[in-house]
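# Commentary on secondary and tertiary structure
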Amino acid sequence: MRKNIVAGNWKMNLTLSESVSLIKELKTKINQDSLENTRVIVAPTFVNLFAATEVVEDTMIEVAAQNMHFEDNGAFTGEISGKMLQEIGVNTVILGHSERRTYFGETDEILKKKVEKAIENNQEVIFCFGEQLEERKEGKHFEVVTSQVEKALFELGAENWKNIILAYEPVWAIGTGETASPAQAQEIHAYIRKFIAENYSSELAETISILYGGSVKPANAKEIFSKPDVDGGLIGGAALKADDFTAIVNATI
Ligand code: 13P
């Protein structure tokens, strides 16, 4: 059975002390015994990752990075490699977030290289994809999401998909307070799962966790997560508040 996953993408928020406090609060609020079929992940900024790995020790909470470079090392000022992340105990990385694509020029080609490096390192990838508002209005959303997934991931061998988690994040729903309706999320998730089944196998497609992201809050999480092809969420704003994030985790249980 696929695992539910609730991952908090903290983006460029929270200092070191704030990050440590939030994780400590999550440790007391999240009922660890209830997490048999739910993984809980937090993704602080790079400078706070190492401390985060120490604070989550002996808990079920996992730590992910928000990005990484596609080379192991070299003259890439300001960049961080997968090897650097792994040595501090961070083995999961978010790649392809729409903010990386829009503000930092990450293309399908760059993302393909990043994904392949992560797979080579045996890291786990939370791969984000999703259409812009204009693309949805023009009815191009199916085409856009399949193209993003295909270009970055479809040269991977089937055996590598055990390290892939997908996250559908319609850009028009990120930080806007506007969520995709549960039916809209289900429609895209099912479509992507079918697309994977057609290109790999239905057995493989059934094992892939597909998260929904975009204005998930305690008030809407349960209904979105109840859809059969939605396996949890990638949470932005609500992940910065312990009570809200805990309530969203509980919505998977
Ligand atoms: P919000 O939950 O703030 O809309 O952000 C979603 C997101 O971008 C998570 O990666």
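Everything here concerns the structure above.
Residues numbered from 1 in each chain as written. Predicted model: local features only at pLDDT ≥ 70, side-chain atom pairs only at ≥ 80, totals over all residues. Heavy atoms only, no water.

### Some thoughts on the site of the ligand
Surrounding the ligand, one finds 13 residues, the nearest of these being K11, H97, G175, S215 and G237. Here an oxygen atom of the ligand sits 2.8 Å away from a polar atom, N or O, in the side chain of H97. In the model, an oxygen atom of the ligand is placed 2.9 Å from a nitrogen or oxygen of the G236 main chain. Grouping the constituent residues of the shell around the ligand by class yields four nonpolar, seven polar and two charged. (Near = heavy atom within 4 Å. Polar contact = N/O pair within 3.5 Å; in protein donor to acceptor, adjacent residues only side chain to side chain. Nonpolar A, V, L, I, M, F, W, Y, C, P; charged D, E, K, R; others polar.)

### Here we look at the sheet that holds strand 6 (residues 164-168)
The eight strands are arranged 1-2-3-4-5-6-7-8 in a closed barrel whose pairing can be described as parallel. Direction aside, neighbouring strands of the sheet carry axes that sit 30 degrees apart on average. Strand direction decides the pairing type here: strand 4 (residues 92-95) and strand 5 (residues 124-129), joined by four bridges, are parallel. Each residue of the ladder has a partner; that of V93, found in strand 5, is V125. (Pairing = 2+ DSSP bridges. Helix = DSSP H or I, 4+ residues; strand = E, 2+ residues; numbered from the N terminus. Axes fitted to C-alpha atoms, helices over the stretch in contact; angles between N-to-C directions.)

### Some words on the pattern of salt bridges
Enumeration over the complete set of coordinates arrives at 20 salt bridges. Between K29 and E25 there is a salt bridge whose closest N-O contact spans 3.0 Å. Here E25 and K29 lie together in helix 1 (residues 16-29), a separation of four residues that amounts to about one turn. Residue classification places K29 among the partly exposed residues on the basis of a relative accessible area of 34%. On the accessibility criterion, E25 (34% relative accessible area) is partly exposed. Measuring nitrogen to oxygen at the nearest pair gives 3.2 Å for the salt bridge that ties K112 to E155. With K112 in helix 5 (residues 108-120) and E155 in the loop between helix 7 (141-153) and strand 6, this residue pair connects regions lying 43 residues apart in the sequence. We classify E155 as exposed; its relative accessible area is 64%. Salt bridges sharing common partners tie together R2, R193, E206, D229 and D231. (Salt bridge = Lys/Arg side-chain N within 4 Å of Asp/Glu carboxyl O. Buried < 20%, exposed > 50% of the residue type's maximum accessible area, 1.4 Å probe, protein only.)

### A short note on the side chain of T45
Residue placement: T45 occurs in the loop between strand 2 (38-43) and helix 2 (49-55). Discounting residues that sit within four places of it in the chain, T45 has contacts with K11, M12, N13 and Q66. (Contact = heavy atoms within 4.5 Å.)

### Thoughts on helix 10 (residues 218-225)
Of all the residues in helix 10, the buried ones are N220, A221, I224 and F225. Take helix 10 and look down its axis: the buried residues cluster within an arc of 125 degrees, on one side only. When the buried face of helix 10 is taken as reference, the exposed residues oriented beyond 90 degrees from it are A219 and E223. On the buried face of helix 10, the contacting elements are strand 1 (4-9), helix 8 (182-199), strand 7 (210-213), strand 8 (232-235) and helix 11 (242-250). (Arc of directions from axis to C-beta.)

### Digging into helix 11
Those residues of helix 11 not exposed but buried are A242, F245, T246, I248 and V249. For helix 11, the angular spread of the buried residues around the axis is 160 degrees, confining them to a single face.

### Notes on the pairing of strand 5
The buried fraction of strand 5 amounts to six of the six residues, a majority that puts the element mostly inside the structure. Residues E124, I126 and C128 line one face of strand 5 and the alternating positions V125, F127 and F129 line the opposite face, and both faces are buried. For strand 5 and strand 6, the ladder comprises five bridges, and the chain directions are parallel. Counted as the bridge partner of I126 is I165 from strand 6.

### As for unusual backbone geometry
Across residues other than glycine, the phi torsion is negative in most instances, and most of the peptide bonds are trans. Not every positive phi belongs to a glycine, and K11 is a case in point at roughly 50 degrees. Residue placement: K11 occurs in the loop between strand 1 and helix 1. A positive phi is found at L14, a non-glycine position, where the angle reads about 75 degrees. Along the polypeptide, L14 turns up in the loop between strand 1 and helix 1. Owing to a relative accessible area of 24%, L14 belongs among the partly exposed residues under this scheme.

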